[in-house]
Each structure stands twice: as C-alpha cells, then as structure tokens.
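Now for the letters of each chain:
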Amino acid sequence: MDCSRWKMGFHLMPPTGWLNDPNGLCQLRGTYHVFHQYSPAWPAPDAPRGWGHFTSRDLVTWEHHGMVVQPDTADEASGSYSGCAVVMPGAAADGGDALRLYYTGNVKEPGDFDYIRTGRRAAQILIESDDGMALGPKRVILRNADYPADCTCHVRDPKVWRDGDGWWMILGARDVEDRGLILLMRSKDGVLWTSAGEVRSPEPFGYMWECPDRIVLDGRVHLSFCPQGMEGLPWSNGMRDQSGYVPMPDGTDLSVPGASVDVRAFRRWDAGFDFYAPQSFTDETGRTLLIGWMGVPEPPFDSAPCGLTWCHCLTVPRVLTRLADGTIAQLPAPELERLREAEEPLAVPGTMVLPGRRADIELAGIEGPLRLTLDGGLQIAFDGRELSCTFIGDACRPDGIGAGRTRRLVPLESLSSLRVLVDGSAVEVFAEGGRAVMSTRWFPVADALSVSLDGCCASARAWSMGDGMPDPAEA
Ligand code: FRU
C-alpha cells in the first residue's frame, strides 16, 4: 500500500526515524525554533536520542535541519534527553537576543544495574547560541551529586526561567521511595546552580514526574508535568504515563518556600490516545503556546504500521488561555488558517467526500447530540455529557485504521463548537473553544477523506489544507 497518505503536512514530523518530546521551544529574533527528541537511525535498535530541529518564520512553513544536538560526549552517551530554551535579551555578540539550551545528558553504565538507583547518570548540560542555528560548546552544569540525597538516578528534563532574583530551574525526579517530585534549583547567572529544595504533592502521585513545565497565565502559575505509574487510576485508561497540569495556589510560585502541588486539581491536557510530554513557551507577541508529542510511551497500539520508516509527530502549536473555572483552553494557533485551501461544503446531516487527506473542519452553533465520523471508522461524538473519540467496527481492530486504538472519552457539559484538524495520520479535536481536547493517530486507507455529520448545527465548514513541510526533493 502507498503509505505516503499517512505523512503529515502541518504536524511536525521527521523525514525518517523516531521523534518524541518537543524540546527547546522558543521564538528568537522572529524565528520559531522547535527542537525535538530524535533518533534518525530508528528503527535500528538502540539508536540513542539527540535533538532534531525545525524552524519557521510564521508557524506555517517549516524546515527540518536534521539532528543538531548529538549524543557525542561521555555525559550523554545514552542520549541527549529533553530540555528547554531561554531567550536572553541583548546577550548576543551583535547586541541582539541570544539563546540558551538546557537539557539532560543520560548515561547508562554498562553492567548489571537496575538503572533506577544504580547505573545511571543524569547531567544537566548547557549550550549557548547567538542565532539558534550555530550551537556553542556543551557545558555540564549539574551532576547526580548535586541533587538531594533522597533522589534516585532519575532526574531530568530541565525547565528554566528568570525572575528579579536570578534564575530558577525545575527538574523531574523519582525519589528513593518511588515517588515522583520536582527538584528546584537556583542560580545567579544560569551557569552555577545550587539545590533550592523539592516541590512535592502531599499524597503520592506516580513514581516519577517527567517533563515539568511552569506556565504563567493571567499571573497564575501552573505546574505541568507527566506523572508515571498511573495505570491504576480510574481515569487513566490503564495507561502508565499521563500528562496534565495543576494550578498553584493563587499568589504562589514553585519557587516560594513550602510550595506544594495539590494533585486533586490535576487536569489532563488531552483526553485522546496520543499526547505526552508537552512544552510551552511565550512568543514575541506575548502568547503562550503549547506543543505536545503526539505519542505516548509504551502504547498498547501501533504508531508505525506497515513497516513505516518514521514514527510519531508533534501536535500543532496550541494557544493557551485560562478560563474562569481554572481550565486552560487550547486552540490551534490562528496562523494555521493560512494553510486553508478550497472551502468544501458540508451537509448536516449528510456525508461529504473531501479531496486529499488534510482538512480543517469547523462546526459552530451546535445544538444537542452530535456525531462526526471520519472515513466511516473514527467517530467523534457528544451525547450531552461526554465527548468521545471511538474507532468503530473494524477500525478498532489491531489491523484496522485505529491500529489498536479503541475508545477515549472526557466529561463535557455542553458543546456548541467543534474544530477537527485532520492531517495524514494525525487528528486533533478541539471542543467548546478548546475546553476539551482529544488527539489521535489513525492510519486511513481511502484516497479521500469522508466526513459524515449527524446532529444539528448552525454552521458547518471545511477546508482542504496545504502542506507546511513540503519535501525539498519534491519542491
Ligand atoms: C519523556 C521522556 C523524557 C526524556 C525523553 C527521552 O517522553 O522520557 O523524560 O527526557 O523522553 O527521550
């Protein structure tokens, strides 16, 4: 079968190889930089991860620059793991803004180790750059001996920010009692760091917290993180690893002494099948954007069927806003609308076949229950209480278009608007102004996209979408 229909046009994916977490997100001197976990040699076994790199001037057209941070020093021999970017106003040699990248060097010592308490090293590494393209030398700024004594060897994924007093870093960690937590570090210059304590939840909440992020919206601080070891919880769908956020109490910050995380307020970012390890950044217009990995660790479903030589993609950039009830709404960056091509009519109720495999579908003024079915197999439905995403019929079989995905749902009180982005083998669903979001991969076999609508809405529009990542060989 021709698998080219599964390639994405506006969800970032590598030309070949494996992608996971977004890293080093920023806008520097007008250019958006999206680094990402990358193993170009995948599916070759044990290919260590480094950082791949995409750039764009407009969040619409992207260029991939290959693997730009290689796991080529003794402090990252088993992988250059996830990390972040900090823009330094006026710090470049030419007086313009410069960039700092902070990430984790992962080393698994050869031998008979459990790689939790022994046998693993986690160094935090700094790279500086004046333009985001030419990367300077690597400097190790923290090693295992610098972390609190109650930590295991699992310490990673630095997120760094500055305030009036200097620099702060949070790291995801696992302690010796197998509880997830955040380590707090502080520094005067972003180079010399000392431990400034731990931020925990009073109750245990998973054995490891990965990819912490600090997100400030309307002055309110939120901790975003990915707790591992959640499979027993009723809302976890049996998935070990989850991704969500917790608002910090009003007026407090992670760096305030005694800060603690109230996990009863934990909200998942995305209730679909394929979402993990998101990272946020503030762009030059002041918007907070979030990009996630459209994949999950150790899934019970497939993301590279039929021997694909590439695996996974990122979500589109999502603009974050805080709603009155404390929920963070997520909507696609409006720039994506520039990829809209011909508007295609949608009949409600009815079925339409849209040309190609990329579409932006927008429903407004929805009343009552709704069912939107793609290719007769992926059903997005609202029943008055829940929003669901279900692979129906043969689509939910391991060899069906869901490649083993079955059903996900999220409580939702009302639905008046729905936006669905379909892009090759990626689908993102934004309901009720981004109050509920569901992402999934799928592997459709038809040449054109069929959209069936059942329900009632005042307006139903669809556009076929262009390609923001044209293959240079085809250009
Ligand atoms: C999350 C994660 C990070 C780590 C990276 C390695 O998906 O496990 O904690 O830095 O992936 O690729």
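Keep in mind the model is a prediction, meaning the values are calculated, not measured.

Basis of the calculations
Within every chain, residues take consecutive numbers counted from 1 along the sequence as written. Restriction of local features to residues with pLDDT of at least 70 applies here, the model being predicted, together with a cutoff of 80 or more for giving and counting side-chain atom pairs; totals for whole chains, interfaces and linings are based on all residues. Computation of side-chain values covers all heavy atoms of the structure but excludes hydrogens and water. Nearness of a residue to a molecule or strand requires only that one of the residue's heavy atoms be within 4 Å of it. The definition of a polar contact used here is a pair of N or O atoms within 3.5 Å, where within protein one atom must be able to donate a hydrogen and the other to accept one, and adjacent residues in sequence count solely through side-chain atom pairs. Under the convention used here, a 1.4 Å probe and the Shrake-Rupley method define accessible areas, while residue burial counts only the protein chains that appear. The residue classification treats Ala, Val, Leu, Ile, Met, Phe, Trp, Tyr, Cys and Pro as nonpolar and Asp, Glu, Lys and Arg as charged. All others, Gly included, are polar. What makes two strands pair is DSSP finding at least two bridges between them. Comment: elements are numbered from the N terminus, with helices defined as DSSP H or I runs of at least four residues and strands as E runs of at least two. Between 30 and 60 degrees the pair is tilted, below 30 it is stacked and above 60 it is edge-to-face, where a pair is any two Phe, Tyr or Trp rings, Trp via its six-membered ring, whose centres lie within 6.5 Å. Burial classification: accessible surface area is computed with a 1.4 Å probe over protein chains only, and a residue below 20% of its type maximum counts as buried, one above 50% as exposed, and the rest as partly exposed. In this scheme, the term charge over a ring applies when either NZ of a lysine or CZ of an arginine sits within 6 Å of the ring centre and within 35 degrees of the ring normal.

Colleague: Account for the site of the ligand, with residues named and values stated.
Modeller: As a matter of local geometry, the ligand sits amid Asn20, Asp21, Gln37, Arg49, Tyr81, Ser82, Arg156, Asp157, Glu210, Cys211, Tyr276 and Trp293. For the ligand, an oxygen atom lies 3.0 Å from a polar atom in the side chain of Arg49. A distance of 2.8 Å is found between an oxygen atom of the ligand and a side-chain nitrogen or oxygen belonging to Arg156. Its free accessible area being 320 Å², the ligand has 92% of it covered by the protein chains. Along the lines of polarity and charge, the residues of the shell around the ligand split into four nonpolar, three polar and five charged.

Colleague: Can you lay out the sheet that holds strand 1 (residues 17-28) for me, pointing to particular residues and giving the numbers?
Modeller: Strands sit in the order 4-3-2-1-19 across an open sheet of five strands; the sheet is mixed. Bordering the open sheet on either side are strand 4 (63-69) and strand 19 (310-311), each of which pairs with just one other strand.

Colleague: For the packing of aromatic side chains, give the residues involved together with the corresponding values.
Modeller: For any pair of aromatic rings, geometry is given as the distance between the ring centres together with the angle between the planes. What the rule picks out here adds up to 18 aromatic pairs. Ring plane angle 50° and centroid distance 5.4 Å describe the contact between Phe35 and Trp51, whose orientation is recorded as tilted. On the criterion of sequence distance, the pair formed by Phe35 in strand 2 (residues 31-39) and Trp51 in strand 3 (residues 50-56) is long-range, its members being 16 residues apart. Judged on exposure class, the residue Phe35 and its partner Trp51 are both buried. With 4.3 Å between their ring centres and 40° between their planes, Trp209 and Phe225 make a pair best called tilted. Remark: Phe225 occurs in strand 14 (residues 220-228) and Trp209 occurs in strand 13 (residues 208-217); sequence separation between them is 16 residues. As far as burial versus exposure is concerned, Trp209 and Phe225 are alike and both buried. Grouped by ring-pair contacts, the aromatic residues Phe205, Trp209, Phe225, Trp235 and Phe266 constitute a single cluster. Over the aromatic face of Tyr115 sits the side chain of Lys108, whose NZ or CZ is 4.9 Å from the ring centroid. The ring centre of Trp463 lies 3.7 Å from the NZ or CZ of Arg340, which sits over that ring.

Colleague: How would you sum up unusual backbone geometry? Please name residues and give values.
Modeller: Along the chain, Trp42 connects to Pro43 via a cis peptide bond; the corresponding omega equals 10°. A cis geometry characterises the amide bond from Val348 onward to Pro349, with omega recorded as -10°. With respect to the helices and strands, Pro349 occurs in the loop between strand 22 (340-345) and strand 23 (350-354). Despite not being glycine, Asp218 has its phi angle at roughly 50°, a positive value. One can find Asp218 in the loop between strand 13 and strand 14. For Asp218, a relative accessible area of 70% translates into the label exposed.

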